[in-house]
Amino acid sequence: MRKFLRNLQDETRTIILYEAPHHLVKTPEELFKTLGSRKVRICRELTKKHETVYADTLDGALAHLSRHRGAER
C-alpha cells in the first residue's frame, strides 16, 4: 500500500479510493503519512437512503474517525 501511495504523492487530480469499513482508520492514516493533509471526502452508503458524506482534511478526518470508531457498529 505504501508504494502505491508514494506513486500518488505528486498527483494533483482527484483520487478515488474504495475501502472496506474495517480499514477506515488505517487507510486514512497511511494517506496522511504519505500524502500530507489533503482535502478528503469520506462517503458511505452511496446512493442509499442513509448516505453520508464527511468533508475535511485528512488530519481532521482522522480525528473524526477516531472519535466515532465503533459508534456505527
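Everything that follows concerns the structure shown earlier in this document.
As a starting point, this report considers the structure included with it.

Rules used in this analysis
Residues numbered from 1 in each chain as written. Predicted model: local features only at pLDDT ≥ 70, side-chain atom pairs only at ≥ 80, totals over all residues. Heavy atoms only, no water. Helix = DSSP H or I, 4+ residues; strand = E, 2+ residues; numbered from the N terminus. Rg over C-alpha atoms; globule rule 2.2 N^0.38 Å. Buried < 20%, exposed > 50% of the residue type's maximum accessible area, 1.4 Å probe, protein only. Areas by Shrake-Rupley, 256 points an atom, 1.4 Å probe, with all protein chains shown as cover. Lys, Arg positive; Asp, Glu negative; His and termini not counted. Charge placed at Lys NZ, Arg CZ, Asp CG, Glu CD. Contact = heavy atoms within 4.5 Å. Core = buried A, V, L, I, M, F, W, Y, C linked by side-chain atoms within 4.5 Å.

Here's the deal with the overall build of the protein chain
Across its full length, the protein chain holds three helices and two strands. In the protein chain, the succession of helices and strands from N to C terminus is α-α-β-β-α. Since a compact globule built from 73 residues should have a radius of gyration of about 11 Å, the 13 Å found for the protein chain is in line with a globular shape. Along the three orthogonal principal directions, the C-alpha set of the protein chain runs to about 35 × 25 × 20 Å. Sorting the 73 residues of the protein chain into buried and exposed places 22% on the buried side. Element-wise, carbon and sulfur atoms account for 51% of the exposed surface of the protein chain, whose accessible area totals about 6,000 Å². The averaged location of the 10 negative side-chain charges in the protein chain is 2 Å from the averaged location of its 15 positive side-chain charges.

With respect to the side chain of Thr 34
Among the structural elements, Thr 34 can be located in helix α2 (residues 26-35). Each residue touching Thr 34, except ones within four places of it in the same chain, is listed here: Leu 5, Arg 6 and Gln 9.

A word on the nonpolar core
Membership of the largest hydrophobic core is limited to ten residues, which are Leu 5, Leu 8, Val 25, Leu 31, Leu 35, Val 40, Ile 42, Leu 58, Ala 61 and Leu 65. Residue contributions to this core peak at three residues, all from helix α3 (residues 58-68). Leave out the neighbours within four places in its chain, and Val 25 touches Leu 62, Leu 65 and Arg 69.

Notes on the side chain of Glu 30
Tracing the chain through its elements places Glu 30 in helix α2. You can call Glu 30 buried: its relative accessible area is 10%. Residues contacting Glu 30, with those up to four places away along its chain left out, are Arg 2 and Leu 5.

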